[in-house]
2 protein chains.
Amino acid sequence: MHALVFDLDGTLVDSVYAHVLAWQSAIEEAGLVVDGYRLHRHVGSSGNLIVRFAQRETGRDLSAEQMETIHRRHGELFRQMVPNPRPLPGAIEMFRALRAARIPHAIATASYRPLINASLDAVGVGPEAVVVEGKGELQGKPEPDLFLAARKQLGVAVAECIAVGDAVWDHVAARRAGMVSVGVLTGGYGEEELYHAGAFRVYRTIADLLQNLDELGILL
Amino acid sequence: MHALVFDLDGTLVDSVYAHVLAWQSAIEEAGLVVDGYRLHRHVGSSGNLIVRFAQRETGRDLSAEQMETIHRRHGELFRQMVPNPRPLPGAIEMFRALRAARIPHAIATASYRPLINASLDAVGVGPEAVVVEGKGELQGKPEPDLFLAARKQLGVAVAECIAVGDAVWDHVAARRAGMVSVGVLTGGYGEEELYHAGAFRVYRTIADLLQNLDELGILL
């Protein structure tokens, strides 16, 4: 028995590039200038860490109110840019296959509702799906909280879980949760970056992973 | 005597992420859907190759008119998203230092005027600068044409030229031109991708390169 725990942005939906520009604009509106490539490498970690990073990078301090505004504006700008997130190759088919084979699965994302509603719709997961969000008590990646909460909701052992993600934060969080992890290239990281972060295999897309699930010991 | 030949987008100005979304939207308006991470890895090659790639990726054929429209829309969308491109760290200082030390230098880009006017202004190079564009007879990267034309205008030998770029296409083009090349991470490629493509050193930014120019045998 194995279970799969998926990241959302960049792994299941094509949203990383818009997130980069939405964060960059929201942060710039607060008077801080951060390069796109630096933000790219932070998307997928918790929003709080991204805003903290922007302060560190620029040597500037933001008030609680300014930070709150950045979060709100990031969400607004992202939804403006991507009103209808597009599923990445194989995402819909993956969930269809996992449901059919009754293989436990979940989505664990540092983002949160309602920002992710359209993305969940896009990959065709309904209200019955296990979705763990980065709001409330749970710390976003690279903390292991989200993956561990997903495991608990699925009722499986840590050793049975395989995390799937496009960002180095997914692999660090998985390692800290005691899970193995596999990478996908759809978030724009280089293959070696994901291996260095601890991915034991890197697939090009979820479609590629679906074709090779037996490499993870999952037999459809 | 050494000369430096720089790529522009992603190397000197922070424009790669906007180019990804501008290409994606322009291509989508023509009815073709291409993932962001795939376009990211094509930015920096010639626009013609990007449109050709989109057709290959989707198995669709475009008319000459549709292709022309994509190019036009890409330019319009990019200028809308980035009316004032921001220089990347060290870009302005690099050109100031090269001018002061009378070290031959040029910009060689697959893009073209007027699309690049604002970017050239942003890095503070004036009309006296050698700028080779990807229009007309010259083929864009990964063909070596642009780097070779820059060399010719500078009046230096191929063996004296060092190409600087953020994309694998810069390094392939440099290798084909017979030039050594160094990479920068500001275009969002992973470090290893640039080494694999032939960069003999990878710096984080142009600022980082400026600090270490002696590693290239260039003494300010």
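Fair warning: this is a prediction, and the values are worked out from it, not measured in the lab.

S.K.: Would you mind showing me how to read the interface of chain A and chain B here?
M.R.: The parts lose accessible area when they come together, and the size of an interface is often stated as this lost area. Contacts between the two partners involve 21 residues from chain A, matched on the other side by 21 residues from chain B. Mapped by element, the contributors of at least two residues to the side of chain A that touches chain B are α1 (16-29), α2 (36-40) and α9 (191-196) of chain A. Here the side of chain A that touches chain B gets 5 residues from one element, more than from any other, and that element is α1(A). When its residues are assigned to classes, the side of chain A that touches chain B shows 10 nonpolar, 6 polar and 5 charged.

S.K.: How should I be thinking about the relation of the copies chain A and chain B in this particular structure?
M.R.: Mapping between the two copies of the chain is achieved by a rotation about an axis and a shift along the axis. When chain A is fitted onto chain B, the two copies agree to an RMSD of 0.0 Å after a turn of 180 degrees and an axial shift of 0.0 Å. As the rotation angle and translation indicate, the two copies are arranged about a two-fold axis. No C-alpha of chain A lies nearer the rotation axis than that of Gly190(A), which sits 2.4 Å from it.

S.K.: Help me understand the nonpolar core in this model?
M.R.: As a rule of thumb, nonpolar side chains are buried together in soluble globular proteins. Val5(A), Phe147(A), Val164(A), Val5(B), Phe147(B) and Val164(B) are the most contacted members of the largest nonpolar core, which has 136 residues in total. Excluding its chain neighbours within four sequence positions, the residues that come into contact with Val5(B) are Ala106(B), Ala108(B), Phe147(B), Ala150(B), Cys161(B), Ala163(B) and Val164(B).

S.K.: Can you walk me through the sheet that holds strand β5 (residues 180-184) of chain B in this structure?
M.R.: Picture the strands of a sheet paired through backbone hydrogen bonds; they go either parallel or antiparallel. Residue and element names in this part refer to chain B. If you walk across this open sheet you meet the 6 strands as β3-β2-β1-β4-β5-β6, and the pairing is parallel. On the outer flanks of this sheet lie β3 (130-132) and β6 (201-203), each paired with one strand and no other. This sheet shows a mean twist of 25 degrees between the axes of neighbouring strands, independent of strand direction. Of the strand pairs in this sheet, strand β2 (residues 105-108) and β3 are connected by 3 bridges, and their pairing is parallel. By the bridge assignment, Ala108 is partnered in β3 with Val132.

S.K.: What is the right way to read the domain arrangement of chain A from this model?
M.R.: Residues and elements named next belong to chain A. In terms of domain boundaries, chain A breaks down into domain 1 (3-14 + 85-216) and domain 2 (16-81). Averaged C-alpha coordinates put domain 1 and domain 2 at centres separated by 23 Å. Each partner contributes to the interface: domain 1 provides 15 residues, whereas domain 2 provides 11 residues. Split into classes, the residues belonging to the side of domain 1 that touches domain 2 amount to 5 nonpolar, 6 polar and 4 charged.

Conventions we followed
- Positions within a chain are numbered from 1, following the residues in the order the chain's sequence is written.
- As a convention, the first chain written is A and the first ligand written is 1, with the rest following in written order.
- Residues qualify for local features only when their pLDDT is at least 70, as the model is predicted, and side-chain atom pairs are given and counted only at 80 or more; totals for whole chains, interfaces and linings, by contrast, use all residues.
- By definition, residue pairs are in contact when their C-beta atoms, positioned from the backbone, come within 7 Å.
- Secondary structure elements follow DSSP: runs of H or I no shorter than four residues count as helices, runs of E no shorter than two count as strands, and numbering proceeds from the N terminus.
- Think of it as three bins: nonpolar holds Ala, Val, Leu, Ile, Met, Phe, Trp, Tyr, Cys and Pro, charged holds Asp, Glu, Lys and Arg, and polar takes everything else, Gly as well.
- A least-squares fit on C-alpha atoms brings the copies together, and the residues used are those whose pLDDT is at least 70 in both copies.
- Note on terminology: a nonpolar core is any set of buried Ala, Val, Leu, Ile, Met, Phe, Trp, Tyr and Cys residues joined through C-beta atoms within 7 Å.
- Burial is judged by counting the other C-beta atoms within 10 Å of a residue's own C-beta: 20 or more makes it buried, 12 or fewer makes it exposed, and any count in between marks it as partly exposed, with every C-beta position built from the backbone.
- Two strands are counted as paired when DSSP detects at least two bridges linking them.
- Between N-to-C directions, angles cover 0 to 180 degrees, with each direction set by a line fitted to C-alpha atoms, over the stretch in contact for helices.
- What counts as a domain boundary in this text is fixed by an automatic or database domain assignment.

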